[in-house]
Amino acid sequence: MELLNSIHNGAQLTLDKKEELNSINIFPVADADTGTNISSLMQALLDFRISNNSTIKEVLVGISDASILGSRGNSGLIFSQFLNGLSEGFNELKEDETSFIKASSIAAKKARESLIDPKEGTIISVMDAWTNSLNIASSKNSFESSLIIAEKACKIEVDNTKIKNKLLKKNNIVDSGALAFYYFINGFTSSYLNKKVKLNSNLEIFPESMVNNDVSFQTKEPEKRYCSEFIVAPEQNNLDLLKERLSYFGDSIVIGAMSSDRIKIHIHTNTPSLVLESLVKCGKIKYQKVDDMLLQYMISNNDESEIAVVTDSIADLPSDFLLQKKVSVLPMNISLDGDQFLDKITTNSDYFYTKLDIASGNTSQPSIPSIDSLFSYLEGKYKHVIVITVSSQLSGTYQLVKQRIKEKGYDSSWIQVIDSKLNSVAQGLIVQNAVQIISEGCPFKETIREIESSIERTFIYVSINDLSYMIKSGRIPTRLGKWAKKLSLFPVISLNKKGNGVLKGIYFTRLMSIKAVMKKINKMEVRKEIESLGIAYTTKSDGVKSILSKINSEKVSYSVISSASILINAGKGSIAIAGIKRRK
């Protein structure tokens, strides 16, 4: 178990350096998340356990599998490919230190080959330096001495990254991924040699002030907005063809083998939905993750707010508002005849609108990795976080987020979860209101109270055009739904104070249902009860134009096409109008 203990030691040291690594992350994109992404991999290594009588080969195979599943981001996937190569290259018939050294060369080669366009002055250069030094030193020295020599070479090469890489040289800073690899090697070596690890490493590559203080680097917005990752079970394992296809959609492409029948792909792109469509043609999508690097860049470089706002993709809001106000969104998972999508990221309502007549779709809550990763990223960026979820009566998202916060041990003084008891545009209005409250400098606890107060004053009415979708999703009883559908009735649905769906009326024509909603809104308008309004719709129609033309435009904060999640459950032609009432 000496090898596994050393790996765990390296992983723990690297994990402890998360915020430091985030603070100097400017290449290839200044999105300040390398530490967060590497931490995901390191936590996967720490979670890996094996019996005391396991062979070295078994340890390396287990570590490889854990690293690939736990890897995130550019450096994370490259790192996982290094560990995968170490496993593949180790000779199980000769379980000795010589075999480990030889395997390290294969590891560095595999990591480099996973890239379409390897860049020097990055983690790849440092892996090569450590491996080459270890192999050369071992011809004249003991394994222990060789590890010490290789660690020094690794340290020197980390320093060289600020010379070899133009952007790093311009900012006089080392590569974050390269430094992460060094910390891992530093912890691994210290443990293997039975030295006490110094968590405040003696690595003096850059001034301490550049880590602990706010430092302004000369960076620019990312050219490609989304850092996207997919696990694919390809029908044909032709990596060269896959690389060629993906090169049309972006850069920073890493393709790593997970097993004989699965590969993991990383790409920076502006069109993750097109990447997904291309990959679906190659095989089955088993996993997908997309981070908004532009949002991360803006948070890291321009955000002065102390409170972050997080919501889920069911909240219907304009995309430009979400970006400008730096609102983080947890995407709902959507399944369409077995194919998986991320709501508002790798799919949208337009795509599903054309598919729902011939395919069956359903939605599920955000994935645990997406929640954990987002909170890990925000942990070092904000003093407080507020999460506003869709109604807990309509989705398990609220409960899942609460569970992840408890599991990770986050303090309630840092993060709070609010059940909006709403959905769609009503939930969106609450998020918009929360952003406004925070911008006015309202303290954390008072902000929570204000948001909860606004939820009590919020209403939503949804004019349903086709009951088929609500029947399928179980939003209304099958018997009642089929009866209403047979009679060609058009219901208006709302949400009660607990967040449950309630029937507000049934009408003989579509126009009558819309007029009924408008009558309710106009009555509130006459009494000057409305503070703000929002409209969401699953398709543009005359009904939408009619509503927009009859509402006081000064009160309408925005109108927007609903998420694919809403489309699947509410159906084509649905129109939702929501508002926040004034305080009495």
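Up top you'll find the structure we're talking about.
Criteria and thresholds
- Residues numbered from 1 in each chain as written.
- Predicted model: local features only at pLDDT ≥ 70, side-chain atom pairs only at ≥ 80, totals over all residues.
- Heavy atoms only, no water.
- Helix = DSSP H or I, 4+ residues; strand = E, 2+ residues; numbered from the N terminus.
- Buried < 20%, exposed > 50% of the residue type's maximum accessible area, 1.4 Å probe, protein only.
- Contact = heavy atoms within 4.5 Å.
- Areas by Shrake-Rupley, 256 points an atom, 1.4 Å probe, with all protein chains shown as cover.
- Axes fitted to C-alpha atoms, helices over the stretch in contact; angles between N-to-C directions.
- Nonpolar A, V, L, I, M, F, W, Y, C, P; charged D, E, K, R; others polar.
- Core = buried A, V, L, I, M, F, W, Y, C linked by side-chain atoms within 4.5 Å.
- Pairing = 2+ DSSP bridges.
- Patch = residues over 30% accessible without salt bridge, like charges linked within 9 Å, V, L, I, M, F, W, Y side chains within 5 Å.
- Salt bridge = Lys/Arg side-chain N within 4 Å of Asp/Glu carboxyl O.
- Lys, Arg positive; Asp, Glu negative; His and termini not counted.
- Charge placed at Lys NZ, Arg CZ, Asp CG, Glu CD.
- Expected span 1.5 Å × (residues − 1).
- Parallel < 35°, antiparallel > 145°, perpendicular 65-115°, else oblique.
- Left-handed = near helix turned anticlockwise from the far one by under 90°.
- Right-handed = clockwise from strand over helix to strand, strands pointing away.
- Polar contact = N/O pair within 3.5 Å; in protein donor to acceptor, adjacent residues only side chain to side chain.
- Phe/Tyr/Trp six-rings, centres within 6.5 Å; stacked < 30°, edge-to-face > 60°.
- 1 Å grid on protein atoms, 1.4 Å probe; cavity = no way out; pocket = protein on both sides within 12 Å on 5 of 7 lines; lining within 4 Å.
- Points joined across faces, edges and corners; volume = space filled by probe spheres on them.
- Arc of directions from axis to C-beta.

Undergrad: Lay out the overall build of the protein in plain terms, naming residues and giving numbers.
TA: Scanning the protein from N- to C-terminus turns up 25 helices and 17 strands. Counting over 584 residues, the protein shows a buried share of 58%. Across the protein, the fraction of contacts at a sequence separation of at least 24, relative to all contacts at a separation of at least 6, is 76%. For the protein, the accessible area works out to roughly 25,700 Å², and carbon and sulfur atoms hold 48% of it.

Undergrad: I'd like a rundown of the packing of helix α3 (residues 34–47) against helix α5 (residues 73–89), residues and numbers included.
TA: Close contact between α3 and α5 brings their axes to 7 Å; oriented N to C, the two are set at 35°. Taken together, the residues of α5 that come into contact with α3 (itself represented by T34, N37, I38, L41, M42 and L45) are G73, S75, G76, F79, S80 and L83. Per-class residue counts for the contact of α3 with α5 are 6 nonpolar, 6 polar and no charged.

Undergrad: An account of the nonpolar core is requested, with residue identities and associated values reported.
TA: Counting residues in each nonpolar core, the largest one holds 85 residues, and the members touching the most others are F79, W130 and F181. Considering each element in turn, this core owes the most residues, 10 residues, to helix α10 (residues 176–192). Once you skip the residues sitting within four places of it in the chain, F181 turns out to touch F79, F82, I123, V126, M127, W130 and C154.

Undergrad: Tell me about the sheet that holds strand β7 (residues 333–336), residues and numbers included.
TA: Pairing in this open sheet of 3 strands is antiparallel, and the strands run β8-β7-β9 from one edge to the other. The open sheet has two edge strands with one neighbour each: β8 (339–342) and β9 (361–364). Pairs of neighbouring strands in the sheet enclose a mean axial angle of 25°, with direction left out of account. Two elements, β7 and β8, share 4 bridges in a ladder whose sense is antiparallel. Counterpart to L336 in the pairing with β8 is D339.

Undergrad: Mind laying out the side chain of T34, listing which residues take part and the relevant values?
TA: Mapping T34 onto the fold places it in helix α3. With residues up to four places along the chain from it excluded, the contact list for T34 reads N22, N25, S75, S176 and G177.

Undergrad: How would you explain a negative patch on the surface if you had to name every residue and give the values?
TA: Residues E2, E58, E95, D96, E97 and E144 make up a contiguous surface patch of negative charge. Following the sequence through the fold, E58 ends up in helix α4 (residues 56–70).

Undergrad: Run through the pattern of salt bridges, naming residues and quoting values.
TA: According to the stated counting rule, one finds 20 salt bridges in the structure shown. A salt bridge links K110 to E88; the nearest nitrogen and oxygen atoms lie 2.8 Å apart. With a gap of 22 residues between them, K110 in helix α6 (residues 97–113) and E88 in helix α5 connect regions that are remote in the sequence. In this structure, D372 and R404 form a salt bridge, with 2.8 Å as the shortest nitrogen-oxygen distance. Taken together, the residues D372 in helix α17 (residues 368–379) and R404 in helix α18 (residues 397–408) connect sequence positions 32 residues apart. Assigned by exposure class, D372 and R404 land together as buried. One network of salt bridges, in which partners are shared, links R72, E229, K289 and D291.

Undergrad: Now, about helix α1 (residues 2–16): what can you tell me, with residues and values included?
TA: Under the 1.5 Å per step criterion, the end-to-end length of α1 is 21 Å for 15 residues, consistent within 8% with the ideal 21 Å. Those residues of α1 lying buried are L3, L4, S6, I7, H8, G10, A11, L13, T14 and L15. In this structure, the buried side of α1 is in contact with α2 (18–23), α3, α4, α6 and α10.

Undergrad: Run through the sheet that holds strand β13 (residues 490–495), naming residues and quoting values.
TA: Strand pairing in a sheet relies on backbone hydrogen bonds. The paired strands run either parallel or antiparallel. The sheet built from 6 strands is open, its strands ordered β14-β13-β12-β17-β15-β16 with mixed pairing. The sheet terminates laterally at β14 (501–507) and β16 (556–561), the two strands that pair on one side only. Here the average twist between neighbouring strands, direction ignored, is 20°. Strand contacts of helix α19 (residues 424–439): β12 (458–463), β15 (530–537), β16 and β17 (575–581), with the helix running at about 35° to β17, the strand carrying the most contacts. Against the sheet, helix α23 (residues 510–526) makes contact with β12, β13, β14, β15 and β17, and its axis sits at roughly 160° relative to β12, the strand it touches most.

Undergrad: Before we move on, could you go through the packing of α5 against α6 and cite the residues and values that matter?
TA: Where α5 meets α6, the closest approach of the two axes is 7 Å, and the angle between their N-to-C directions is 140°. Taken together, the axes of α5 and α6 lie oblique to each other. For the pair α5 and α6, the sense of crossing is right-handed. Contacts between α5 and α6 involve I78, Q81, F82, N84, G85, L86, E88 and G89 on the former and, on the latter, F100, A103, S104, I106, A107, A108, K110 and A111. Taken together, the residues of the contact of α5 with α6 break down into 9 nonpolar, 5 polar and 2 charged.

Undergrad: Lay out the pairing of strand β11 (residues 415–419) with the relevant residues and their values.
TA: Burial runs high along β11: 4 of the 5 residues are buried. Pairing of strand β10 (residues 384–389) with β11 involves 5 bridges; the strand directions are parallel. Note that in β11 the partner of T389 across the bridge is D419. Between β10 and its parallel partner β11, the chain crosses via α18, and the hand of that crossover is right-handed.

Undergrad: Outline the side chain of N569, supporting the account with residue identities and numerical values.
TA: Locating N569 in the fold gives a position in helix α25 (residues 564–570). At 3.1 Å, the side chain of N569 and the backbone oxygen of S565 are in polar contact.

Undergrad: Which residues make up the packing of aromatic side chains, and what are the values?
TA: Inspection of the entire model under this criterion finds 13 aromatic pairs. A centroid spacing of 6.3 Å and a plane angle of 80° characterise the contact between W130 and F181, whose relative ring orientation is edge-to-face. Taken together, the residues W130 in helix α7 (residues 123–137) and F181 in helix α10 connect sequence positions 51 residues apart. Judged on exposure class, the residue W130 and its partner F181 are both buried. A centroid spacing of 6.1 Å and a plane angle of 20° characterise the contact between F188 and Y192, whose relative ring orientation is stacked. Linking F188 with Y192, this pair stays in helix α10, spanning 4 residues, or about one helical turn.

Undergrad: Residues and numbers for empty space enclosed by the protein, please.
TA: Overall, the coordinates contain 1 cavity of 30 Å³ or more when judged by the stated rule. Looking at the largest cavity, its volume works out to about 110 Å³. Of all the elements in the fold, those that place two or more residues in the lining of the largest cavity are α1, α4, α5 and α10. For the lining of the largest cavity, a count of residues per class yields 12 nonpolar, no polar and no charged.

Undergrad: How would you sum up α18? Please name residues and give values.
TA: Between its first and last C-alpha atoms α18 spans 16 Å; for 12 residues at 1.5 Å apiece the expected length is 16 Å, and the two agree. Restricting attention to buried positions, one finds in α18 the residues T397, Y398, L400, V401, R404 and I405. For α18, the angular spread of the buried residues around the axis is 165°, confining them to a single face. Exposed residues on α18 whose side chains face more than 90 degrees from its buried face are K406 and E407. In this fold, the buried residues of α18 make contact with β5 (307–312), β6 (328–330), α17, β10 and β11. Phi turns positive one or two residues past the end of α18, at G409, with a value near 75°.

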